[in-house]
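Breakdown of the fold
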Amino acid sequence: MHRVQDPDFAERVRASFERQPAMRLIGASMPVIEPGYTEIHLPHAPEITQQHGYIHGGVVGMIADSAAGFAASTLTTAETGVLTVEYKLNLLAPADGQLLIAEGSVVRYGRTLIVTRAEVFAVHHGRKILCALMQQTIMAVHGKHEHPR
């Protein structure tokens, strides 16, 4: 379905994820990396909740943005960076569960603009409940290298 330009995309994307202090701060991991698709998993922790005990909407947006952005990055060359230029997030249900899973995927890949989407699920006692839906526009920045950590 999607054309892979870098045979080492999974290793590159995983290394990029590991260089994000923000993901480390909230306790997120990225166990799934496929062409045009990634998943970010986030266990429930009191430090990332809001006043009602749900995972904060800003954190939900954070993992949706990253999952979709990394999905875009799976299809770029090794010399191309990706930056979010816009996203629309609908919070559909409280992020109430032991685990959140953000599933990011590429809708359309272009040379300069990449359209992605993410669905965020709250896993509550083994049941997945869709809690957020996001559409995003990514800008491909050719020749942009990441800041070393």
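Described in the following lines is the structure provided in the data block. (Residues numbered from 1 in each chain as written. Predicted model: local features only at pLDDT ≥ 70, side-chain atom pairs only at ≥ 80, totals over all residues. Heavy atoms only, no water.)

The next point concerns the overall build of the protein chain. On a plain count of helices and strands, the protein chain comes out with three helices and six strands. What you see in the protein chain, going N to C, is helices and strands ordered as α-α-β-β-α-β-β-β-β. Taking 2.2 N^0.38 as the reference for a compact globule, 149 residues should give roughly 15 Å; the C-alpha atoms of the protein chain span a radius of gyration of 15 Å, in line with that estimate. Along the first, second and third principal axes, the C-alpha atoms of the protein chain reach 45 × 30 × 25 Å. Looking at the 149 residues of the protein chain, the share that counts as buried comes to 43%. Long-range pairs, those at least 24 residues apart, make up 65% of the contacts in the protein chain with a sequence separation of at least 6. About 7900 Å² of surface is accessible on the protein chain, with carbon and sulfur atoms providing 54% of the total. Positive and negative side-chain charges of the protein chain, numbering 13 and 14 respectively, have mean locations separated by a distance of 5 Å. (Helix = DSSP H or I, 4+ residues; strand = E, 2+ residues; numbered from the N terminus. Rg over C-alpha atoms; globule rule 2.2 N^0.38 Å. Buried < 20%, exposed > 50% of the residue type's maximum accessible area, 1.4 Å probe, protein only. Contact = heavy atoms within 4.5 Å. Areas by Shrake-Rupley, 256 points an atom, 1.4 Å probe, with all protein chains shown as cover. Lys, Arg positive; Asp, Glu negative; His and termini not counted. Charge placed at Lys NZ, Arg CZ, Asp CG, Glu CD.)

Moving on, we come to the packing of aromatic side chains. Counted according to the given criterion, the structure contains one aromatic pair. Over the ring of Phe 121 we find Lys 128; its NZ or CZ atom is 4.4 Å from the centre of that ring. (Phe/Tyr/Trp six-rings, centres within 6.5 Å; stacked < 30°, edge-to-face > 60°. Lys NZ or Arg CZ within 6 Å of the ring centre and 35° of its normal.)

Our focus in this paragraph is unusual backbone geometry. One non-glycine residue, His 125, adopts positive backbone phi at about 50°. The residue His 125 is located in the loop between strand 5 (113-124) and strand 6 (127-142) in this model. Under the relative-accessibility criterion, His 125 is labelled exposed at 66%.

In this section: the side chain of Thr 137. For Thr 137, the position within the fold is in strand 6. Separated by 2.9 Å, the side chains of Thr 137 and Glu 86 make a polar contact. Each residue touching Thr 137, except ones within four places of it in the same chain, is listed here: Leu 83, Thr 84, Val 85, Glu 86, Leu 113 and Ile 114. (Polar contact = N/O pair within 3.5 Å; in protein donor to acceptor, adjacent residues only side chain to side chain.)

Mapping Thr 116 onto the fold places it in strand 5. Of note is the side chain of Thr 116, whose polar atom sits 2.6 Å from the side chain of Gln 136. Look past the residues within four positions of Thr 116 in its chain and what remains in contact with it is Ala 68, Ala 72, Ser 105, Val 106, Val 107, Met 134, Gln 135, Gln 136 and Ile 138.

On to the pattern of salt bridges. Within this structure, the stated rule accounts for three salt bridges. Glu 103 serves as the salt-bridge partner of Lys 128, at 3.0 Å between the closest nitrogen and oxygen. With Lys 128 in strand 6 and Glu 103 in strand 4 (residues 99-109), this pair connects stretches of sequence that are 25 residues apart. Since its relative accessible area comes to 45%, Lys 128 is described here as partly exposed. Across the pair Arg 117 and Glu 119 runs a salt bridge whose closest N-O atoms are separated by 2.8 Å. (Salt bridge = Lys/Arg side-chain N within 4 Å of Asp/Glu carboxyl O.)

Strand order in the open sheet made by the six strands is 1-2-4-5-6-3, with antiparallel pairing throughout. The open sheet has two edge strands, strand 1 (29-34) and strand 3 (80-91), and neither has a second partner. Sheet twist, expressed as the mean angle between neighbouring strand axes with direction ignored, is 20°. In the sheet, strand 5 pairs with strand 6 via 12 bridges, with the strands oriented antiparallel. What sits directly across from Glu 119, in strand 6, is Leu 133. Sheet contacts for helix 3 (residues 57-73): strand 1, strand 2 (37-43), strand 3, strand 4, strand 5 and strand 6; angle to strand 4, the most-contacted strand, approximately 40°. (Pairing = 2+ DSSP bridges. Axes fitted to C-alpha atoms, helices over the stretch in contact; angles between N-to-C directions.)

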